[in-house]
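Structural characterization, general
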Amino acid sequence: MSDAPILSGLVPGVATTATGPAERAPTDWRTQSMQRRIRKRYAAERRFRWLGLGAVVLSAGFLAVLLVTMVYNGASGFLQTQIALPVDFAHSGLLLTPADLRGPGADLALSTANIEGLTDSSAKAAFGTDGDRWVSDGGWLRVRQALKRDPALLGARATIWVPAADAIDVAAKRQGDPASEAIVAKLKARQAISTGFNLPFLTASDSNDPTRAGIWGAFKGSLFTMLVTLLIAFPVGVLSALYLEEYAPRNRWTDLIEVSINNLAAVPSIIFGLLGLAVFLGTFGLPRSASIVGGLTLALMTMPVIVISGRNAIKGVPPSIRDAALGVGASPIQVVFHHVLPLALPGILTGTIIGMARALGETAPLLMIGMRAFIASPPARLTDPATVLPVQIFLWSDQIDRGFVEKTSAAIIVLLVFLLAMNGFAIYLRNKFETRW
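Residues numbered from 1 in each chain as written. Predicted model: local features only at pLDDT ≥ 70, side-chain atom pairs only at ≥ 80, totals over all residues. Heavy atoms only, no water.

For clarity, the cut-off: UniProt positions are given in the numbering used here, feature names are shortened, and annotations may be inferred rather than shown by experiment.
As annotated in an unreviewed UniProt entry, the chain carries the name Phosphate transport system permease protein PstA and comes from Sphingomonas glacialis. Reading the Sequence similarities (unreviewed entry) entry of the UniProt record for the chain gives the comment "Belongs to the binding-protein-dependent transport system permease family. CysTW subfamily."

Okay, structure coming up:
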């Protein structure tokens with residue numbers, strides 16, 4: 001054993017000699033200082049756990065407040081109040097016969113008849129001099145539809161359910177102004193009012209009258225726009241990810257491309273709207289407010305997200321898969337498309353769907369290319385004027401009519417359901433096809 005002097009105090013708990021460190025002295029866990037350190041460590045862990053739980057509860061609370069507010073304000077948007085309107089077609093003065101309404105010229109014959117005046121006069125006769133104000137401005141369309149559906153009504157008296165005016169509709173579903181509530185009470189006493197599911201809200205397009213406004217035009221425009229976005233962004237993004245990950249040489253140009261793609265994924269969406277305005281509308285002269293322009297603009301915004309998620313998914317495939325495929329004689333192109341891509345596809349699809357869900361909720365780039373027009377009929381082609389659900393919500397939120405408040409919340413519910421469905425589908429694909437190595 002060495003007679004070298006022991007140098008104590010250089011390292012706590014370790015005795016050091018002139019020739020090197022000696023054995024570490026055993027720690028006495030029973031000392032008060034060590035017990036205090038252990039208690040502080042456990043207390044810090046408990047605080048961190050409670051802070052994490054508090055963050056989760058706070059986030060869930062905010063989400064619950066959002067959903068409850070939207071459902072409370074928007075549930076009535078899926079309901080519609082109707083009034084039973086007695087109409088005397090026999091003495092209406094309409095210069096029509098049942099034969100006029102059975103041939104191919106039925107629409108032309110109905111367009112020349114004063115059905116709107118008949119509806120107003122019938123409402124005044126049934127409910128008083130202000131009765132025409134109790135019926136929606138589009139109530140005469142229900143009378144027209146009933147007459148077209150059953151031409152035999154021309155010689156009879158019938159009761160037709162027509163949409164109530166906006167103020168009466170709001171008062172029947174929730175608290176309204178005193179005058180409207182009094183009208184609702186009178187109609188209930190006569191059993192001439194009912195509230196049911198508002199099917200036209202899902203099948204109609206935009207309108208100046210909240211009782212006739214629907215989301216089908218905006219929903220169809222969203223489908224067309226997302227279709228164009230998917231057809232362009234998905235193949236280009238996946239092929240770009242494959243090239244950058246499997247074929248591109250590692251040099252400064254590749255690094256520049258990677259940095260540019262990462263930066264594009266963080267660019268504000270309105271910049272892509274300016275790009276679409278300058279390129280697709282200004283240079284190529286594509287039709288303004290068309291679904292194809294919106295899809296091209298959103299494809300530029302979604303493509304970097306797909307490239308990044310695709311590269312991460314391809315990078316997650318083990319190199320042994322490539323080596324084994326090459327070992328049995330597969331060509332490089334067969335390795336990529338027969339082995340690497342199928343294994344990376346679940347991750348690519350998940351990133352694509354999440355990127356598409358983000359694009360579905362975008363408003364700013366579409367406003368820049370003019371997709372905020374009043375669209376009274378659904379688009380039939382990709383080049384027809386169209387709008388999308390987020391823009392429709394934005395336009396309705398600017399309306400001062402109380403009826404549009406519930407329509408705005410109801411449209412938000414539809415958009416949230418659509419987004420949740422897309423994200424749920426992404427989770428399903430990931431869990432079903434994901435391979436764990």
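Examining the domain arrangement of the chain
Which entries qualify depends on this criterion: Domain start and stop points were drawn from an automatic or database domain assignment. Contacts: residue pairs with any heavy atoms within 4.5 Å of one another. Reported buried area values correspond to the accessible surface (1.4 Å probe) lost by two parts on association, with both partners' losses combined. Basic side-chain nitrogens of Lys or Arg form a salt bridge, by our definition, when they fall within 4 Å of a carboxyl oxygen of Asp or Glu. Whenever a nitrogen or oxygen atom comes within 3.5 Å of another N or O atom, the pair is scored as a polar contact, on the condition that within protein one atom can donate a hydrogen and the other can accept it, and that pairs from neighbouring residues in sequence are kept only if both atoms are in side chains. All residues other than Ala, Val, Leu, Ile, Met, Phe, Trp, Tyr, Cys, Pro, Asp, Glu, Lys and Arg, Gly among them, are scored as polar; the first ten of these are nonpolar and the last four charged.
On domain assignment, one finds that the chain holds domain 1 (83-196) and domain 2 (216-433). For domain 1 versus domain 2, the separation of C-alpha centres amounts to 46 Å. With 7 residues of domain 1 in contact, the opposing surface of domain 2 contributes 4 residues. The contact between domain 1 and domain 2 buries some 390 Å² in all, and 32% of this surface belongs to carbon and sulfur atoms. Of all residues in domain 1, Asp166, Val170 and Lys173 give up the largest surface area on contact with domain 2, accounting jointly for 71% of the area buried on that side. Our count for the domain 1 to domain 2 interface comes out at 1 salt bridge. With a closest N to O distance of 2.7 Å, Glu406 and Lys173 form a salt bridge. For the pair domain 1 and domain 2, the interface holds 2 residue pairs in polar contact (both at pLDDT 80 or more). Split by residue class, the side of domain 1 that touches domain 2 holds 1 nonpolar, 2 polar and 4 charged.

Considering the sheet that holds strand β5 (residues 157-163)
As a reminder of what qualifies: Pairing between strands is defined by DSSP: at least two bridges between them are needed. Here a strand is any run of E in DSSP of at least two residues, a helix any run of H or I of at least four, and the numbering for each starts at the N terminus. Working convention: axes come from line fits to C-alpha atoms, limited for helices to the stretch in contact. Angles between N-to-C directions cover 0 to 180 degrees.
Strand order in the open sheet formed by 3 strands is β5-β4-β6, and the pairing between neighbours is antiparallel. In this open sheet, the two edge strands, each paired with only one partner strand, are β5 and β6 (193-197). Adjacent strand axes in the sheet meet at a mean angle of 35 degrees when their direction is disregarded. Bridge count for strand β4 (residues 79-88) against β6 is 5 bridges, and the pairing is antiparallel. The residue of β6 that forms the bridge with Gln82 is Ser194.

Some remarks on the UniProt feature "domain: ABC transmembrane type-1" (unreviewed entry) in the chain
UniProt records the feature "domain: ABC transmembrane type-1" (unreviewed entry) for residues 219-426 in the present numbering. Annotated as 76% helix and 0% strand, the span residues 219-426 places its first and last C-alpha atoms 21 Å apart.

Comments concerning the UniProt feature "transmembrane region" (unreviewed entry) in the chain
UniProt's feature table lists "transmembrane region" (unreviewed entry) at residues 50-72, 223-244, 264-286, 292-314, 335-357 and 410-429, given in the numbering used throughout. Between the end C-alpha atoms of residues 292-314 the distance is 30 Å, and the span holds 100% helix and 0% strand. Spanning residues 410-429, this segment combines 100% helix with 0% strand, and its end C-alpha atoms are found 29 Å apart.

Points about the environment of Arg49
With respect to the secondary-structure elements, Arg49 resides in helix α1 (residues 32-74). Sequence spacing of Arg49 and Asp169 is 120 residues, and the spatial spacing of their C-alpha atoms is 50 Å.

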